[in-house]
Amino acid sequence: MFTKYKGELGLALTAFIWGSGFIGVSISLSGGLTPLQILTIRFFIGAILLGVIFFKEIKNNITKEAVKAGCIIGVFLFVAFAFQTVGMAYTTASKNAFLTAVNVVIVPFIGFILYKRPLDKYGIVSSIIAILGIGILSLEADFSINFGDFLTIICAVGFAFHIFFTGEFVKKHNGIVLTVVQFSVAAVLSLILQVLFKETHINAEMSSIVGVLYLGVFSTTVAFLLQTLCQKEVSETKAAIILALESVFGSILSVIILHEVLTARMVVGCLVIFMAIIISETKLSFLRAKKISE
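Parameters and conventions
Residues numbered from 1 in each chain as written. Predicted model: local features only at pLDDT ≥ 70, side-chain atom pairs only at ≥ 80, totals over all residues. Heavy atoms only, no water. Helix = DSSP H or I, 4+ residues; strand = E, 2+ residues; numbered from the N terminus. Rg over C-alpha atoms; globule rule 2.2 N^0.38 Å. Buried < 20%, exposed > 50% of the residue type's maximum accessible area, 1.4 Å probe, protein only. Contact = heavy atoms within 4.5 Å. Areas by Shrake-Rupley, 256 points an atom, 1.4 Å probe, with all protein chains shown as cover. Core = buried A, V, L, I, M, F, W, Y, C linked by side-chain atoms within 4.5 Å. Axes fitted to C-alpha atoms, helices over the stretch in contact; angles between N-to-C directions. Parallel < 35°, antiparallel > 145°, perpendicular 65-115°, else oblique. Left-handed = near helix turned anticlockwise from the far one by under 90°. Nonpolar A, V, L, I, M, F, W, Y, C, P; charged D, E, K, R; others polar.

A.B. asks: Talk me through the overall build of the chain; I want residue IDs and the actual numbers.
C.D. replies: Regarding its fold elements, the chain presents 14 helices and 0 strands. Counting helices and strands in the order they occur from the N terminus, the chain gives α-α-α-α-α-α-α-α-α-α-α-α-α-α. The globule rule puts the C-alpha radius of gyration for 294 residues at 19 Å, and the 19 Å found for the chain is close to it. With respect to the three principal axes, the spread of C-alpha positions in the chain is 60 × 50 × 45 Å. Within the chain, the proportion of its 294 residues that are buried is 48%. Counting only contacts in the chain whose residues sit at least 6 apart along the sequence, the fraction spanning at least 24 positions is 89%. Roughly 14,900 Å² of accessible area belongs to the chain as shown, and the carbon and sulfur atoms make up 72% of that amount.

Written out as structure tokens, the structure reads:
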């Protein structure tokens, strides 16, 4: 049974690790590390480990064009994680997880704006549902929005651009090369800002160090490897559904580990956003397939 479903189980583990990453960020922040320090350490570890593991493949496939492409998506990766990590300091890990996941709904609109690619009805419907979910989850009684939630929404836009351009560049360049380059760029940008903002001195508790090491080794390196290996075994639709569980795992773990309180409104908002993600990622193809089989 394990052999038969190893792809699905591997992707579920990937989603779990990504979801647990929100807890790692929260613990790292509460233990004394700054957002920039977290990003620098996290991506430095990821770049080094993947560089060592795939040294031969990188050496055989690296080109100037691939490096340029990796630098571009590395900038978007840095922007997305920077806003996400800073936003975490002002909102809860559960809300941060679901608002970040809205990026999948934004991606089709980037293609429409930049390349005039047509939008399908599922993209439009999912975006409307996502906006409704964001409103339920984040808007206060006076229709204002929490500062941390606002930063996380910007983070979602950054991730959407990152996903979009990764999809464009991976058709032309080696995926491992792109990943190592973008991790390196994100680490360097974080380090540069650390120096500019005089955050080079680390004064953190052991829990914070453990948290950021977990982010670097597991949420960045191990999760990437699992996704790369297991997604080959699973259909695109099924993979999208399984990986969308990242936000669900993030919320569940934030309640169990961080003892966050989920109100009824937050639960409804999260469910609505999750529905939008499923519609956007799968276009409800699993329902059509079921109808045909019947």
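Next comes the rest of the account.
A.B. asks: Kindly report on the environment of Lys283, identifying the contributing residues and their values.
C.D. replies: Note on placement: Lys283 falls in the loop between helix H13 (264-282) and helix H14 (285-293). Measuring from C-alpha to C-alpha, the distance between Lys283 and Asp120 comes to 9.2 Å, with 163 residues separating the pair along the chain.

A.B. asks: Provide a residue-level description of the nonpolar core, including the pertinent values.
C.D. replies: In terms of nonpolar packing, the biggest core is built from 25 residues, with Phe43, Leu50 and Leu77 touching the most fellow members. Listing elements by their share of this core, those giving two or more residues are helix H2 (35-53), helix H4 (64-88), helix H8 (147-169), helix H9 (175-196) and helix H10 (206-230). Counting residues per element, this core draws most heavily on H9, at 8 residues. Leave out the neighbours within four places in its chain, and Phe43 touches Leu77, Phe81, Phe183, Ala186, Ala187 and Thr220.

A.B. asks: Give me the lowdown on unusual backbone geometry, citing residues and values where you can.
C.D. replies: At Lys116, a residue that is not glycine, the phi angle is positive and equals roughly 60°. One can find Lys116 in the loop between helix H6 (103-115) and helix H7 (121-138). Unusually for a residue other than glycine, Lys198 sits at a positive phi of about 55°. Its place among the elements puts Lys198 in the loop between H9 and H10. With a relative accessible area of 76%, Lys198 lands in the exposed category.

A.B. asks: Talk me through the packing of helix H1 (residues 6-30) against H2; I want residue IDs and the actual numbers.
C.D. replies: Helices that pack against each other are described as a pair by the angle of their axes relative to one another and the distance between those axes. Where H1 meets H2, the closest approach of the two axes is 10 Å, and the angle between their N-to-C directions is 125°. When the axis of H1 is compared with that of H2, the two are oblique. Seen along the crossing, H1 lies across H2 with a hand that is right-handed. Where H1 abuts H2, its residues Val25, Ser28 and Leu29 lie against Pro35, Ile38 and Arg42. When the residues that make up the contact of H1 with H2 are grouped by side-chain class, the tally is 4 nonpolar, 1 polar and 1 charged.

So far we have only geometry, and geometry alone does not tell us how the molecule works.
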